[in-house]
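Given next are the chains, with one letter for each unit.
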Amino acid sequence: MKQYAWNKGMAMLMAWLWLVVTPMFAQDTILRNGQLWPDTEGHHINAHGGNILEFDDVYYWYGEQRPDRGYTMDGGIAVYSSTDLQHWKNEGLALQLSAEPGSDIERGCIMERPKVIWNEKTQRFVMLFHLELKGRGYEAARVGFAVSERPTGPFRFIRSTRLHAGRWPFDMTEKDIEAAKQTDAAAWHQWWTPQWMSEVQKGMYLWRDFEGGQMSRDMTVFVDDDGRAYHITSSQENLTLLVSELTDDFLDFTGKYNMVAPGGQNEAPCIFRRGEDYWLICSGCTGWAPNEARMFHAKSIWGPWTQLPSPFTGIATGYREMPANKTFGAQGTYIFKKDTTYIFMADIWNPRHLARSLHLWLPIQFDDEGVPVIPWTTELP
Ligand code: GAL
């Protein structure tokens, strides 16, 4: 009798171990939306605001390596690698801060939203990122360029710059240019009045920064099917997006650019192309706090862009309830493709401990008309 009870107990224990404990270690359930994401050494993946690049059957994940406290950088841009998008090996720093005082990327600067793309012509990996110079808060508003022969780096910093000094967007007419030249940013002390917005839409900040170059903060890069690459950034005091063509080596701007949604206050741009449709998903502008996403559609990278409602639906569960109209508590950073699935990648910012900000990956679905829909799910694709 005793033996029978013991056997039964053992059987139940084995069943419990099988049903409850095994799934905790199962290969395919390591990363779940709403939880910390351990790398292969068990540390939460510290790569934020970044992107994924697939190269030779390996995925590389680049992102801001954030200190546990504070906002300025003490390391640089991190890179992780994986073959299955589940097990991520920390490959160290792809781009390291400089020890040289006065360097654009010296310790204490802010590097955000790094994006790495592969240049087929030069056979190099190119990184673009948002750079803020040491001790100047967010006023420098520059883009940085770095290059490497290997995906894990070390990337060499080339330079940082503002955009398009002395150049008008290619699609502005003479009349538009004259109207912009009549604006005067210094005369406006009160923002958000209808008159102020009308001046913004005429290009008030474009004109203010015309000589010194346009601001560039939240940014992404996009390589189109023909191999041409574009930089998309939040400019003009984060009020207007700029789309700019990159040179063949991706290390500079050709000078061709235009504006998207002037005065629309779009940040965190994420873009993808599906067939002949270009989709741009952005956040509003509330710093680290989540807000409702916006979506734009165009048939060409140069627009015209039409605004549509946010593609997010449902309510985030599993970590805290966050509705779709707060983008589930997250802010987008990139959209990459796994086989035929587009995956929206975002950060659930934790401003007190930026390093511990969570990651959110959601597969994009499409409705009958081919419009993106992004429901909440805890499972990764
Ligand atoms: C967010 C932006 C982040 C970071 C932050 C600073 O709006 O998307 O990349 O710049 O503001 O407050």
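Provided above is the structure to which this section pertains.
Residues numbered from 1 in each chain as written. Predicted model: local features only at pLDDT ≥ 70, side-chain atom pairs only at ≥ 80, totals over all residues. Heavy atoms only, no water.

When you look at the overall build of the chain in this model, what are you seeing that I'm missing?
When its secondary structure is counted, the chain shows 4 helices and 24 strands. The C-alpha atoms of the chain give a radius of gyration of 23 Å, which matches the 21 Å a tight globule of 381 residues would have. Within the chain, counting contacts between residues at least 6 apart in sequence, those at least 24 apart form 50% of the total. Summing over all exposed atoms, the chain offers an accessible surface of approximately 17,400 Å²; the carbon and sulfur share of this is 52%. (Helix = DSSP H or I, 4+ residues; strand = E, 2+ residues; numbered from the N terminus. Rg over C-alpha atoms; globule rule 2.2 N^0.38 Å. Contact = heavy atoms within 4.5 Å. Areas by Shrake-Rupley, 256 points an atom, 1.4 Å probe, with all protein chains shown as cover.)

Where do I start with helix 3 (residues 194–202) in this structure?
At 3.6 residues per turn, the α-helix brings residues three or four places apart onto the same side. Trp 196, Met 197, Glu 199 and Val 200 are the residues of helix 3 that are buried. With its buried residues spanning 160° around the axis, helix 3 presents them on a single face. Looking at the packing, one finds that the buried side of helix 3 touches helix 4 (204–208). Where helix 3 ends, the next residue or the one after it, Gly 203, has phi of about 105°, a positive value. (Buried < 20%, exposed > 50% of the residue type's maximum accessible area, 1.4 Å probe, protein only. Arc of directions from axis to C-beta.)

How do you make sense of the site of the ligand when you look at a structure like this?
Surveying the vicinity of the ligand reveals the residues Glu 112, Arg 113, Tyr 138, Asp 218, Glu 267, Gly 287, Trp 288 and Gln 331. Asp 218 is positioned such that a nitrogen or oxygen atom in its side chain is 2.5 Å from an oxygen atom of the ligand. Between an oxygen atom of the ligand and a side-chain N or O atom of Gln 331, the distance comes to 3.0 Å. The fraction of the free accessible surface of the ligand (310 Å²) that becomes covered by protein chains is 87%. In the shell around the ligand, the residues fall into 2 nonpolar, 2 polar and 4 charged. (Near = heavy atom within 4 Å. Polar contact = N/O pair within 3.5 Å; in protein donor to acceptor, adjacent residues only side chain to side chain. Nonpolar A, V, L, I, M, F, W, Y, C, P; charged D, E, K, R; others polar.)

What exactly am I supposed to notice about the packing of aromatic side chains here?
Both the distance between ring centres and the angle between the ring planes are used here to describe each pair of aromatic rings. For the structure on display, the rule yields 30 aromatic pairs. Cluster of aromatic residues (ring-pair linked, three or more members): Trp 37, Trp 61, Trp 88, Phe 336 and Trp 361. A cation sits over an aromatic face here: Arg 159 above Phe 145, 4.9 Å from the ring centre. Between Lys 256 and the ring centre of Phe 170, over which it is positioned, the NZ or CZ distance is 4.7 Å. (Phe/Tyr/Trp six-rings, centres within 6.5 Å; stacked < 30°, edge-to-face > 60°. Lys NZ or Arg CZ within 6 Å of the ring centre and 35° of its normal.)

Can you help me understand the sheet that holds strand 12 (residues 253–260) in this one?
In a beta sheet, neighbouring strands are held together by backbone hydrogen bonds and run either parallel or antiparallel to one another. Strand order across the open sheet formed by 4 strands is 9-10-11-12, with antiparallel pairing between neighbours. The open sheet has two edge strands with one neighbour each: strand 9 (219–223) and strand 12. When strand polarity is set aside, the average angle formed by the axes of neighbouring strands in this sheet is 25°. As defined by bridge partners, strand 11 (residues 240–246) adjoins strand 12 across 5 bridges and the pair is classed as antiparallel. Of the residues in strand 12, the one forming a bridge with Val 243 is Asn 258. (Pairing = 2+ DSSP bridges. Axes fitted to C-alpha atoms, helices over the stretch in contact; angles between N-to-C directions.)

I tried to follow the environment of Pro 101 on my own but got confused; where do I start?
Its location among the elements puts Pro 101 in the loop between strand 4 (89–96) and strand 5 (110–119). Taking C-alpha positions, Pro 101 is 29 Å from His 231, a pair spaced 130 residues apart along the chain.

It is not clear to me how unusual backbone geometry should be interpreted in this structure. Could you clarify?
A negative phi angle characterises most non-glycine residues, just as the trans form characterises most peptide bonds. Note that the residue after Gly 153, namely Pro 154, is joined by a cis bond; omega there is 5°. Assignment of secondary structure puts Pro 154 in the loop between strand 7 (142–148) and strand 8 (156–161). Omega for the peptide link from Gly 303 to Pro 304 comes to 5°, which places this bond in the cis form. Structurally, the position occupied by Pro 304 is in the loop between strand 15 (294–298) and strand 16 (306–308). Phi at Gln 265 is positive, roughly 55°, even though this residue is not glycine. Summarising the element assignment, Gln 265 is placed in the loop between strand 12 and strand 13 (267–274).

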